[in-house]
Amino acid sequence: MKITVIGAGYVGLVSAACFSDFGYEVTCVDRDARRVAMLENGKTPIYEQGLEPILNSNRQAGRLSFTEDLKSAVAAADIVLIAVGTPTREGEDAADLSYVFAAGEEIARAMQGFTVIVTKSTVPVGTAARLREIISKARPDGDFEVASNPEFMREGSAVEDFLRPDRVVIGVGSERAEAALRQLYRPLAAKNVPIVATSCEAAEIIKYAANTFLATRIAFVNQLADLCEKVGADIQDVVRGMGLDKRIGLQFLNPGPGFGGSCFPKDTRALAHTARQHGRPITIVETVIAANEGRKRALADRIQEAVGGTLAGKKVALLGIAFKAETDDIRDAAALSLVPELQRRGAALAAFDPVAMDNGRQSFESVQWCADAYSAAIGADAVVVLTEWNVFRGLDLRRLAKDMRQPVMVDFRNLFAFADVQGSGITYHSIGRASIVPPDTRRADILPFKSGAV
Ligand code: NAD
């Protein structure tokens, strides 16, 4: 079976690498020449654990290649998977499908023989049907099927998620499309991975339903954390007590700076848009979006309060700028809106991220990029933990505090237990928990954080 993947981004690259690892002959197409050249030279343009070895071993075995030449790659393929971006349309909530449809037209012109064209990108309900129309119009003689195969991988564990998914969803409108996709995923079905075969419409909704549900959990626990701050309860205890209930579970219940990344913000907005468009608004999602945006806007206020009420002339050290740990992706990360806001309020910024600094340098001006957390903290009035990188969990807080102008930490990820902080000299503010103030400055052993609801 010959497979072509359009798009060598987070989803396209991981899918192409893993399909080639199943033994298929895979060509991955991207229109970004620099990206293709890097891949052809054995370099990975994104940071994704475990991806580089699998890319290189399959490339060397001759099963995986990269090209800008969509036409030849599609002509040779039995299955073409579209894995291009579907960002939010400028000034709207709707998903921008222009990349998907442009790829569809190019595929239509290039395909030869029976071809199954699959959307792996996250696309709103009805997209497969529109793609079918576009392709039929461009190639009335074309022998093809359109199918939907949403991807559920998480950045940071994408290879593992692809090779050992909880399920594979295939949306199909005909027996031959279903047969092709079942064949494609035979290696996973053989390992007892459930294959959910359904209509294209249901498959498209499943992806948005899953992401929106997870985003809802995050927004819920964040507002619960605000309540905990106000009434003196510890959100970590509340989450544990709640999440150990098997009906609920502990995942996606970590309080933090609000959800970000390349999926949850755009997918919640796109689902809300689709629902409004069909006259069936999902008001819960509208509320989740508003709550999350409010939370992100209030991050700067929390930091300002922690450094004494004004940020003018203060230095803030940011630890982590990626939207979560184990990725270099900064799309819609908390840092993206926080950095300009802190600068607008007069703060000088230093930052360190284990892998996202190249992306940070391209996005932010006037940030001092540091080799590690300790150098970022030198002379700082506050250290702000934005990303839950493991490497931050083991920080020597005494050492961190020693060179700071004001030993203050605002931990938006609750990385530290109170016992870790006590004795370090750091005034510690976290999410949904009391603040810790060292003995020489404190008025009571533990003071409540007074920022109010966010
Ligand atoms: P990305 O921006 O990392 O990659 C998209 C790639 O497609 C880019 O390299 C771009 O140059 C290329 N491209 C665009 N149009 C092209 C064309 N006509 N021909 C060739 N190449 C083209 O995007 P991503 O993060 O991989 O996301 C892709 C889709 O998968 C989105 O719909 C996203 O919502 C969905 N998704 C993403 C994730 C994730 O973790 N990133 C997880 C599940 C689903």
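Here, every reference points to the structure presented above.
Residues numbered from 1 in each chain as written. Predicted model: local features only at pLDDT ≥ 70, side-chain atom pairs only at ≥ 80, totals over all residues. Heavy atoms only, no water.

In terms of helices and strands, the chain carries 20 helices and 16 strands. Relative to a compact globule of 454 residues, whose C-alpha radius of gyration would be 22 Å, the chain shows 24 Å and is just as compact. Oriented by its inertia axes, the alpha-carbon framework of the chain measures out at about 80 × 50 × 40 Å. A buried classification covers 54% of the 454 residues belonging to the chain. Long-range contacts, defined as pairs at least 24 residues apart, comprise 70% of the intrachain contacts of the chain with a sequence gap of at least 6. (Helix = DSSP H or I, 4+ residues; strand = E, 2+ residues; numbered from the N terminus. Rg over C-alpha atoms; globule rule 2.2 N^0.38 Å. Buried < 20%, exposed > 50% of the residue type's maximum accessible area, 1.4 Å probe, protein only. Contact = heavy atoms within 4.5 Å.)

For the rest of this paragraph, the subject is the site of the ligand. In the neighbourhood of the ligand, 24 residues make up the surrounding shell, with Val-11, Asp-30, Thr-86, Glu-155 and Lys-266 lying closest. Note that an oxygen atom of the ligand is positioned 2.9 Å from one of the backbone N or O atoms of Thr-122. Residue Lys-266 places a side-chain N or O atom 2.6 Å away from an oxygen atom belonging to the ligand. Protein coverage of the free-state accessible area of the ligand, which is 840 Å², stands at 90%. The class makeup of the residues in the shell around the ligand is 8 nonpolar, 7 polar and 9 charged. (Near = heavy atom within 4 Å. Polar contact = N/O pair within 3.5 Å; in protein donor to acceptor, adjacent residues only side chain to side chain. Areas by Shrake-Rupley, 256 points an atom, 1.4 Å probe, with all protein chains shown as cover. Nonpolar A, V, L, I, M, F, W, Y, C, P; charged D, E, K, R; others polar.)

We now examine the pairing of strand S7 (residues 168–171). Both faces of S7 are covered, namely the face carrying Val-168 and Ile-170 and the face carrying Val-169 and Gly-171. In this sheet, strand S8 (residues 195–198) lies alongside S7 in parallel orientation, the contact comprising 4 bridges. Directly across from Val-168, in S8, lies its bridge partner Ile-195. (Pairing = 2+ DSSP bridges.)

Time to look at the nonpolar core. Ile-303, Val-316, Leu-318, Leu-342, Leu-395, Leu-400 and Met-409 are the most contacted members of the largest nonpolar core, which totals 67 residues. Looking at this core, the element that brings in the most residues is helix H15 (residues 334–344), giving 5 residues. Here this core spans two domains, and each of domain 2 (208–291) and domain 3 (296–441) adds at least three residues to it. Ile-303 has contacts with Leu-311, Val-316, Leu-338, Leu-342, Val-384, Val-410 and Phe-412, leaving out every residue within four places of it along the chain. Counting residues in hydrophobic clusters, the runner-up holds 43 residues, among them Cys-18, Ile-54, Leu-81 and Phe-162. (Core = buried A, V, L, I, M, F, W, Y, C linked by side-chain atoms within 4.5 Å. Domains from an automatic or database assignment.)

Another aspect to go through is the packing of aromatic side chains. Given two aromatic rings, their pairing is described by the distance between the two centres and the angle made by the two planes. Applying the stated rule across the entire model yields 11 aromatic pairs. An angle of 35° between the planes, with centres 6.3 Å apart, marks the rings of Phe-22 and Phe-162 as tilted. Of the two residues, Phe-22 sits in the loop between helix H1 (10–21) and strand S2 (25–29) while Phe-162 sits in helix H7 (residues 158–163), which places them 140 residues apart along the sequence. Summarising the burial analysis for this pair, Phe-22 and Phe-162 share the class buried. By way of ring pairs, the aromatic residues Phe-19, Phe-22, Tyr-24, Phe-162 and Tyr-185 are connected into one cluster. The side chain of Arg-167 reaches across the aromatic face of Phe-152, ending 3.6 Å from its centre. Across from the ring centre of Tyr-374, 3.6 Å away, lies the NZ or CZ of Arg-399, which sits over that ring. (Phe/Tyr/Trp six-rings, centres within 6.5 Å; stacked < 30°, edge-to-face > 60°. Lys NZ or Arg CZ within 6 Å of the ring centre and 35° of its normal.)

With that settled, the discussion passes to the pairing of strand S5 (residues 115–119). One face of the sheet, then the other: side chains in a regular strand alternate in exactly this way. Counting buried positions over the 5 residues of S5 gives 5, a clear majority of the element. In S5, alternate side chains face the same way, and those of Thr-115, Ile-117 and Thr-119 on one face and Val-116 and Val-118 on the other are all buried. Judged from the 4 bridges that link them, strand S4 (residues 79–82) and S5 form a sheet pairing that is parallel. From the neighbouring strand, Leu-81 faces S5, where its bridge partner is Val-118. Note that the unit made of S4, helix H5 (residues 98–110) and S5 has a crossover that is right-handed. (Right-handed = clockwise from strand over helix to strand, strands pointing away.)

Look at Asp-332: it is not a glycine, yet its phi comes out positive at around 55°. Following the sequence through the fold, Asp-332 ends up in the loop between strand S9 (315–319) and H15. You can call Asp-332 partly exposed: its relative accessible area is 39%. For Asn-414, which is not glycine, the phi dihedral falls at a positive 50°. Here Asn-414 shows up in the loop between strand S13 (408–411) and helix H20 (418–421).

This part takes up the environment of Gly-258. Position of Gly-258 relative to the elements: it lies in the loop between helix H11 (235–243) and helix H12 (264–277). For the pair Gly-258 and Phe-323, spaced 65 residues apart in the sequence, the C-alpha separation amounts to 9.7 Å. Apart from the residues lying within four places of it in its own chain, the contact partners of Gly-258 are Asn-222, Asn-292, Arg-295 and Lys-296.

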